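# Reading the structure
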Amino acid sequence: MEQINGKLINENVAFEDFKNYDGQEVTISGYVHRIREMTGFAFVIIRTKRDLIQCVYAPEFSSYRWDDRLREEACVKVLGKVVSSLDAKGNQRFELQIHDVTILSLPAEDLPIVINKKQLDNIQLSTILDLRPIALRNPKERAIFKIQEGIARGFREFLLSQDFTEIRSPKINFAGAEGGTNVFKLDYFGKQVYLAQSPQLYKQALVGVYERVFEIAPVFRAEHHDTSRHLNEYISMDFEMGFINDFRDIMNMETGLLKYIFNLLKKEYSAELELLHAVVPEIDTIPCMKFMDAKELLMKKFKYNPTDMKDFDPQEEEMLGKYAKKEFNSDFIFITHYPSKKRPFYTMDDPEDPEYTLSFDLLFRGLEITSGGQRVHDYKAQVDKMIKCGMDPEQFETYLMLHKYGAPPHGGLGLGLERLTMHLLGFKNVREATMFPRDINRVTP
Ligand code: AMO
């Protein structure tokens, strides 16, 4: 409560709490989103941190005198009375009768784009990204990242409930963890170091300490191509767990995790989901298929001629996504047992057929969003595999401490936050689901 003119006022009331203040005076703070002047009165839409609140101004019930400085994107504090009415469907709706307005600040210039329409119409993605700090003021744009918050929050909440410990691994590293050419090199006081491609080496080390760990943090990939699904910096949601029976424990944990995330979104982010017309997937069990069976299916059923028998191209992933939907009514499909040649050195080979690994990817609506699997935990086996992969085990001495001094059977996964957001919201380009994307052509804003 705050005192204004000697009266106690309910200050900064959230829109969702208006129902508790029907007929009472409250204050709200926010931006003037839109003004519609009518004859004798005006609608002033105030944009608060999560809502648009309709306020009505008329001289007969307001001590405020209309001031032409009051314009869109002005920051204001509004004092008014909460009034309710019934809409056409019989739902109760609330607005604020303006009693007074305090202008807190005024924009120096008009916005270069119109942000107060339902969506940013006819504006190219590159312009939206150039103008991100203000483009995000559009309610639909900002809803994307509220939902993204919900995904990361669900990831954290679920894993904490399963006795995982949250870790923070360094992003300046002595080696790249994932191999390949997409590692950023960095000059570190004359020494060559690398930006973390993933927290892989550290999350494994910490299984030896906390048994179950997770991290939500940026990772870096020097992607040399401009694609709709690759970023140079993205948020990797990782977990790693010890004392597993096999890699299926990881897949089961991910299934539970996704169910939790989607339930949380439905419960606490429904306004944003509605705004973006998002269809939240229903998960019962997630179907699962071996890599080679999937290849055969693509060749036989889809008459597709794969160019690479060690991995899938985007078209193949799309076809497998369609197949999962049609055959199992599932938005997800696990593909397991990827070829050893294509998986990193820490992946455990399948003892029944070492050409393949105890690993998996998860496809969501035809896009890979997760890689994971069981890891090598035996010291000698890991050293041998590194040598086979052309690596020098001596350079990985600290990583190998886990194996040398005792490691439980363990495994984990990495889930790309932007990719999951992208396909949940039906976007064609991962940049739409990235707050400030970094790609081969972009490092600003
Ligand atoms: P991987 O390299 O397959 O596995 O990455 C895991 C997940 O991260 C996302 N991803 C990306 N998202 C945006 N831009 C990129 N350039 C990009 N690259 C990857 C994808 C992918 O499925 N250490 C392993 C994980 C593990 O086994 O625990 C790893 O990083 O969603």
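A brief structural summary.

## Observations concerning the packing of helix α3 (residues 139-161) against helix α5 (residues 247-268)
At a closest axis distance of 8 Å, the pairing of α3 and α5 adopts a crossing angle of 130°. The orientation of α3 with respect to α5, classified from their angle, is oblique. When the axes of α3 and α5 are compared, the crossing they make is right-handed. For the pair α3 and α5, contact is made by Ile 147, Gly 150, Ile 151, Arg 153, Gly 154, Phe 155, Glu 157, Phe 158 and Leu 159 and by Met 253, Gly 256, Leu 257, Tyr 260, Ile 261, Leu 264, Leu 265 and Glu 268, respectively. Partitioned by chemical class, the residues of the contact of α3 with α5 number eleven nonpolar, three polar and three charged.

## Here we look at the packing of aromatic side chains
For any two aromatic rings, the description comes down to two numbers: the centre-to-centre distance and the angle of the planes. Evaluation of the coordinates by the stated rule reveals 20 aromatic pairs. Ring centres of Tyr 57 and Tyr 64 lie 5.9 Å apart, and the angle between their planes is 80°; on these two criteria the pair is classed as edge-to-face. For the pair shown, Tyr 57 and Tyr 64 are each scored as buried.

## Digging into the site of the ligand
Looking at the ligand, there are 22 residues lining it, with Glu 178, Lys 203, Glu 368, Ser 371 and Arg 375 nearest. The side chain of Glu 368 places a nitrogen or oxygen atom 2.4 Å from an oxygen atom of the ligand. Between the ligand and the protein, one listed contact pairs an oxygen atom with a backbone N or O atom of Ile 369 at 2.8 Å. Considered on its own, the ligand offers 630 Å² of accessible surface; in the complex 93% of this is hidden by protein. For the shell around the ligand, the elements supplying multiple residues, two or more each, are α4 (200-210), β19 (367-374) and β20 (410-416). Residue contributions to the shell around the ligand peak at five residues, all from β19. Split into classes, the residues belonging to the shell around the ligand amount to five nonpolar, nine polar and eight charged.

About the cut-offs
- Residues numbered from 1 in each chain as written.
- Predicted model: local features only at pLDDT ≥ 70, side-chain atom pairs only at ≥ 80, totals over all residues.
- Heavy atoms only, no water.
- Axes fitted to C-alpha atoms, helices over the stretch in contact; angles between N-to-C directions.
- Helix = DSSP H or I, 4+ residues; strand = E, 2+ residues; numbered from the N terminus.
- Parallel < 35°, antiparallel > 145°, perpendicular 65-115°, else oblique.
- Left-handed = near helix turned anticlockwise from the far one by under 90°.
- Contact = heavy atoms within 4.5 Å.
- Nonpolar A, V, L, I, M, F, W, Y, C, P; charged D, E, K, R; others polar.
- Phe/Tyr/Trp six-rings, centres within 6.5 Å; stacked < 30°, edge-to-face > 60°.
- Buried < 20%, exposed > 50% of the residue type's maximum accessible area, 1.4 Å probe, protein only.
- Near = heavy atom within 4 Å.
- Polar contact = N/O pair within 3.5 Å; in protein donor to acceptor, adjacent residues only side chain to side chain.
- Areas by Shrake-Rupley, 256 points an atom, 1.4 Å probe, with all protein chains shown as cover.

Without other data, these values stay purely geometric and don't point to any function.
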